[in-house]
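One-letter residues, chain by chain:
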Amino acid sequence: MQNNLASPVGRITVLGAGAWGTAVAIALAARHDVLLWGRNGAAMAEMAEQRENRGYLPGFALPPQLRIGADFGAAVAHVADALDAPALLIAACPVAGLRPLLEQLKGRRLPNVVWLCKGFEYGSGLLPHQVVRAVLGDAVAGAALSGPSFAQEVARGLPCALTVASESAALCERVVALVHGGNIRVYSSDDLIGVEVGGAVKNVLAIATGAADGLGLGLNARAALITRGLAEITRLGAALGGQAATFMGLTGMGDLILTCTGDLSRNRRVGLELARGKKLDDIVAELGHVAEGVPCARAVRELAARLGVDMPITNAVAGVLFDGDDPRAMVAQLLARDPRGESA
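Parameters at a glance
- Residues numbered from 1 in each chain as written.
- Predicted model: local features only at pLDDT ≥ 70, side-chain atom pairs only at ≥ 80, totals over all residues.
- Heavy atoms only, no water.
- UniProt positions renumbered as here; feature names shortened; annotations may be inferred.
- 1 Å grid on protein atoms, 1.4 Å probe; cavity = no way out; pocket = protein on both sides within 12 Å on 5 of 7 lines; lining within 4 Å.
- Helix = DSSP H or I, 4+ residues; strand = E, 2+ residues; numbered from the N terminus.
- Contact = heavy atoms within 4.5 Å.
- Polar contact = N/O pair within 3.5 Å; in protein donor to acceptor, adjacent residues only side chain to side chain.
- Pairing = 2+ DSSP bridges.
- Right-handed = clockwise from strand over helix to strand, strands pointing away.
- Points joined across faces, edges and corners; volume = space filled by probe spheres on them.
- Buried < 20%, exposed > 50% of the residue type's maximum accessible area, 1.4 Å probe, protein only.

Per an unreviewed UniProt entry, the recorded name for the protein chain is Glycerol-3-phosphate dehydrogenase [NAD(P)+], and the organism is Massilia eurypsychrophila. UniProt, in its Pathway (unreviewed entry) section for the protein chain, records the words "Membrane lipid metabolism; glycerophospholipid metabolism." Per UniProt, the comment on the protein chain under Subcellular location (unreviewed entry) is "Cytoplasm".

Details of the UniProt feature "binding site: NADPH" (unreviewed entry) in the protein chain
The sites that carry the UniProt feature "binding site: NADPH" (unreviewed entry) are, in the present numbering, Trp-20, Arg-39, Tyr-56, Lys-118, Ala-151, Arg-266, Val-290 and Glu-292. Judged by maximum C-alpha separation, these annotated positions cover 273 residues in sequence and are scattered in space, the widest gap reaching 22.9 Å. As for the annotated residues, the ones lining the largest cavity are Trp-20. Within the secondary structure layout, Lys-118 lies in the loop between β7 (113-115) and α5 (128-136). If we ignore the near neighbours within four places in the chain, the residues touching Lys-118 are Val-95, Ser-146, Gly-147, Ser-149, Gly-199, Ala-200, Lys-202, Asn-203, Asp-255 and Glu-292. Side-chain polar atoms of Lys-118 contact the backbone oxygen of Gly-147, separated by 2.9 Å. Tracing the backbone shows Glu-292 in the loop between α12 (280-287) and α13 (293-307). For Glu-292, the contacting residues outside a window of four places in its chain are Pro-94, Val-95, Lys-118, Asn-203 and Asn-267. A distance of 2.9 Å separates a polar side-chain atom of Glu-292 from the backbone nitrogen of Val-95.

Considerations on the pairing of strand β10 (residues 184-189)
Summarising the sheet, strand β9 (residues 160-165) and β10 pair through six bridges and their orientation is parallel. Each bridged residue has a counterpart across the sheet, and for Val-164 the counterpart in β10 is Ser-188. Taken together, β9, helix α7 (residues 169-179) and β10 constitute a β-α-β crossover, and its handedness is right-handed.

Points about empty space enclosed by the protein
The gaps of empty space that remain are located by a probe, the size of a water molecule, rolled over the atoms. Tallying each qualifying case throughout the model produces three cavities of 30 Å³ or more. In this structure, the largest cavity occupies an estimated 60 Å³ of space. Surrounding the largest cavity, Trp-20, Val-24, Ala-27, Leu-28, Leu-145, Val-154, Cys-160, Leu-162, Val-179 and Ile-184 form its lining. When residues of the lining of the largest cavity are traced back to their parent elements, those giving at least two are α1 (19-29) and β9.

Description of the pairing of strand β2 (residues 33-37)
Most of β2 sits inside the fold, with four of its five residues counted as buried. Two elements, strand β1 (residues 11-15) and β2, share five bridges in a ladder whose sense is parallel. Among the inter-strand pairings, Ile-12 is bridged to a residue of β2, identified as Val-34. After leaving β1, the chain enters α1 and then returns to the sheet as β2, a path that is right-handed.

Some points on the UniProt feature "domain: Glycerol-3-phosphate dehydrogenase NAD-dependent C-terminal" (unreviewed entry) in the protein chain
What UniProt calls "domain: Glycerol-3-phosphate dehydrogenase NAD-dependent C-terminal" (unreviewed entry) maps, in this numbering, to residues 191-331. When the span residues 191-331 is considered, its composition is 75% helix and 0% strand, and the gap between its end C-alpha atoms is 33 Å.

Listed below in structure tokens is the structure:
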């Protein structure tokens, strides 16, 4: 996936030193001046000394040129003061952490904000771009960078294709110019809603397919869940204003297939463990990472009910996660639904 496009050297700050933020920082540090920020000062100092994020991405050396820091003001200034170079400020936190992170950015001079999180904010039901707008207003250009991507593979330098979506064509061009290169290919889109909905709901469906696989229901069942899951994503996305074609692309079908079938998927692992009879709290504690499909399932169920959108797989997953339903009962509930046309 190599390309011959020249990429300007830019200044990039990644806010969030989890697995995905670290992987992105590793990949971009080969071509840009990158600073990786984390809120835990002791952990960041340890990371800087060991040149490895042993807490969230063990086994991957941090490039010597990658800057590591815990000073939030210095991290933001790293890009805000870059008048002589293209700059990106990348928020690499979970959806639940996006609003608190943005609150720290209020009133600061920002070049832009690009977010990597996928989901709906629980309580408000807002997509990430709506959270950004609610906190920062319209003065700062924002973009979602999403697509089928496991942190370990990106950190290893394996090929990856992503989509950047924004209402700002200029920001899309900047993200493509700075991120596209090496083994990362970046496409652009103006369908911010569609890109975010696809990235959010696929995590819920990965829990469903993980549970089905854990119950030994076979590849036929997995294919059915993925396909009908895509129909659910499309229905919700269209109700929110997304474009149907988006859900057939990287951030819809592509991300759905990867998350539902890849063994590196945390959400799929949640489903597998639920099928084995483990309690949700124990599963989440053992993961040590955020599985966005868990809080997203509750948020999507409530949102779909308000909008009158039929999402039976999502409702079944939420029932297992939050209502005490048995995974086998989830399957029986889905099979017992009345027959209908496939396009319904």
